Amino acid sequence: MSARLKIYIGGLTVDFLKDLTNEQYQAVVSKNDTLLLAGAGSGKTRVLTYRIAYLIKNGVNPENILAITFTNKASNEMKERLALLIGEENASKIHSGTFHSVCYKWLSQNKKEFGWGNKITIYDSDYQERCFRWATQVPKQNTHNFLKMISSIKNEGYTPSAYEKKLIQEGADAKDMLLSQYYHQYQDEMKRRNAMDFDDLLLYTKVLLQNSLKTKKKLQQQYKHILVDEHQDTNNLQYQILMELKNPSTTFFFVGDDKQSIYSFRGANVENFLNFKKDFPHGSILKLEQNFRSTQNIVQAANELIKNNANQMQMTCYSNNTGKHKIYLKEVDNPEKEAQWIVTMIRTLNIKHQIDFNDISIIYRTNVQSRYLEEQLIRMKIPYVIHGGINFYQREEIKDILAYLYFLNNPNDRGAFSRVIKTFPGIGEATKEKIQKEAKDGNYLKALQTVATIEKDNKPIQNMYELYYRMYSVNKIAESNNQSSVHLLIQMILEKTNYIERLKEKAQNDLKNYRKYMDKIDNIEELLQLSTEHAKREFVSNTLEDFLNDIVITQQQTKENRNGVKLMTVHSSKGLEFEVVFVCGLNEEVFPHKNSFSDPKLIEEERRLMYVALTRAKSILILTSLKHLINRYNGLEIKAKPSRFIQEIPDNYIKVI
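On a predicted model such as this, the values are computed, not experimentally measured, just so you know.

Visitor: Please explain the packing of helix α17 (residues 335-351) against helix α18 (residues 370-379) as it appears in this structure.
Guide: One can describe the packing of α17 onto α18 by two numbers: an axis separation of 8 Å at closest approach and a directional angle of 45 degrees. In terms of orientation, α17 and α18 fall into the oblique class. With respect to the hand of their crossing, α17 and α18 are arranged in right-handed fashion. Every residue of α18 that contacts α17 at Pro335, Glu336, Ala339, Gln340, Ile342 and Val343 is listed here: Tyr372, Leu373, Gln376 and Leu377.

In structure tokens form, the structure reads like this:
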């Protein structure tokens, strides 16, 4: 068999003729800069992994390949597939991850090149808000909105000084200039703390590439092939970073589907996708139109729906799976009746048709729609999972423990210091104020040492200083040997603070909330387990800094019981598939959302959301709409209008039940 069809990599055989359709094969072997239009369920992940295999077969060093994914889940899935396809050794050499994880890696390797001489601490949303309030004195209730506006500014690629210059040139009003002032103050305080937020990982990378020709050339020379998944959801700043890496010796391979661009609220700009030929005039546009997931009836209905969007690339998806079902449509009286009907149907599908609860999903436009559904699922004793629920690392007890590690890693971290003081037994406000007074240069660990030296009879402060002295020593020895000390550090924190013992005591004294406190202990034990697993993972270095920043970037969730019906918003459903899908609340003002009515572009995004919801279903798709909605202010029913999206699907694809 010719090398064109079968290749051997590291003792493994990859058979292109057997494993790929002709459309997929043409994409895999494309020589030019390429935009691959990949419809829902068309096998784009397979194409990405096989393209990487093809490149390696043709002599490309794995270390010269950069693969960027939209989510950590997609990145992990790609790595797993690559390990099976080309062997773990080759797969481990490929640089892959989300924009944020890749940018963090570049920044951590080139700190001095952009004037960042210390360790990087990445702040989550809670610490961001605390820092913003400290820097600006803005009331708590206004903090979120200002940070949201600053995030939008950053994702357009503006530094504080560049944004201020733009406003002056435009003759901006006092309100905009105040926002610019807050942006300056926030960034100055973050820099003083050696801290970055998520957007900074991207913004500082752009600054690094623009200001350090040495770093830019190094990365351009390293990455000969750049693959970008879910390109329709890149924002302007991410695209600017990619364009900084563009040079004659680099080939870009973009994969996506403009019909599934649903993240404009995060700054995603589908124009980056649609303008491919403008930026790559000699590039190729290829298509994957066969859907391997859904039945032809579902695919055709989705095609008819999305035709109503004017701004899109032309592509007609199809499926060879004829299926047995039309799309079912049910109109019910109100949200409570809707939930009752859906849950009864789920019970029927499970008992009479042997469909596992894990293969069923209920998809809705906004999270508030889940309440009635959850009540009915609980009432009928059907297991369920809220997809994208509370993040493990956002739980109070986990943030408490991690604060000690953040403070050790970065003594300038005021937010971590405040949490440590709050949770360390015996430390009062008077002692806290003394430490803050000593921390004139922002180094709270040094201030702690000073106060501990003065107040030798203050047992709590002596205990706290002893803990940090021991932790500092252990961590320094471990990092000098490129070993992880995190597990041991957490054990030291738990021992010195009696954290678990105090939770057990609370559980015994508050039997009503006994389970809550025991769950907290289980979560801490899970954190210990995760710290052990982290030490075994492949990282550039195995430091405390890496562990902490990996937490913020990956945002792993608890290993909870994942069995049951999956409840989720349309946004959370992206990339998933289920045998049976219910799409509920299909009414005007709900789906499409009322906030989209004033802008045709937002209506088009709502329609793309509906397209995504429809194409999550493999074989059975059930739509529900309401005769009445509930007024959230007075609890009274108001007459509802069916969603325009139902009317945009031709009757021959639907069966009303």
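Visitor: What should I look at first to understand the environment of Ser319 in this one?
Guide: Mapped onto the secondary structure, Ser319 falls in the loop between α16 (296-306) and β11 (327-332). Within the structure, the side chain of Ser319 is placed 3.5 Å from the backbone oxygen of Asn291, a separation counted as a polar contact. In terms of polar contacts, Ser319 uses its side chain to reach the backbone amide nitrogen of Asn321, at 3.0 Å.

Visitor: Is there a simple way to think about the pattern of salt bridges in this case?
Guide: Where side chains of opposite charge bring their charged atoms close, a pairing between them can arise. Tallying each qualifying case throughout the model produces 31 salt bridges. For Asp233, the salt bridge identified is with Lys574, shortest N-O distance 3.7 Å. Within this pair, whereas Asp233 is found in the loop between β8 (225-228) and α13 (236-244), its partner Lys574 is found in the loop between α28 (570-573) and β15 (578-583), the two being separated by 341 residues in sequence. Overall, Asp233 belongs to the buried group, its relative accessible area being 3%. Residue Lys574 is classed as buried on the basis of its relative accessible area, which comes to 14%. A salt bridge links Glu606 to Arg365; its shortest N-O distance comes to 2.7 Å. In this pair, Glu606 is assigned in helix α29 (residues 600-614) and Arg365 in the loop between β12 (360-364) and α18, connecting sequence segments 241 residues apart. For the pair shown, Glu606 and Arg365 are each scored as buried. Taken together, the shared-partner salt bridges connect Asp124, Asp126, Arg130, Lys399, Asp400 and Arg419 into one network.

Cut-off values and rules
- Residues numbered from 1 in each chain as written.
- Predicted model: local features only at pLDDT ≥ 70, side-chain atom pairs only at ≥ 80, totals over all residues.
- Heavy atoms only, no water.
- Axes fitted to C-alpha atoms, helices over the stretch in contact; angles between N-to-C directions.
- Helix = DSSP H or I, 4+ residues; strand = E, 2+ residues; numbered from the N terminus.
- Parallel < 35°, antiparallel > 145°, perpendicular 65-115°, else oblique.
- Left-handed = near helix turned anticlockwise from the far one by under 90°.
- Contact = heavy atoms within 4.5 Å.
- Polar contact = N/O pair within 3.5 Å; in protein donor to acceptor, adjacent residues only side chain to side chain.
- Salt bridge = Lys/Arg side-chain N within 4 Å of Asp/Glu carboxyl O.
- Buried < 20%, exposed > 50% of the residue type's maximum accessible area, 1.4 Å probe, protein only.

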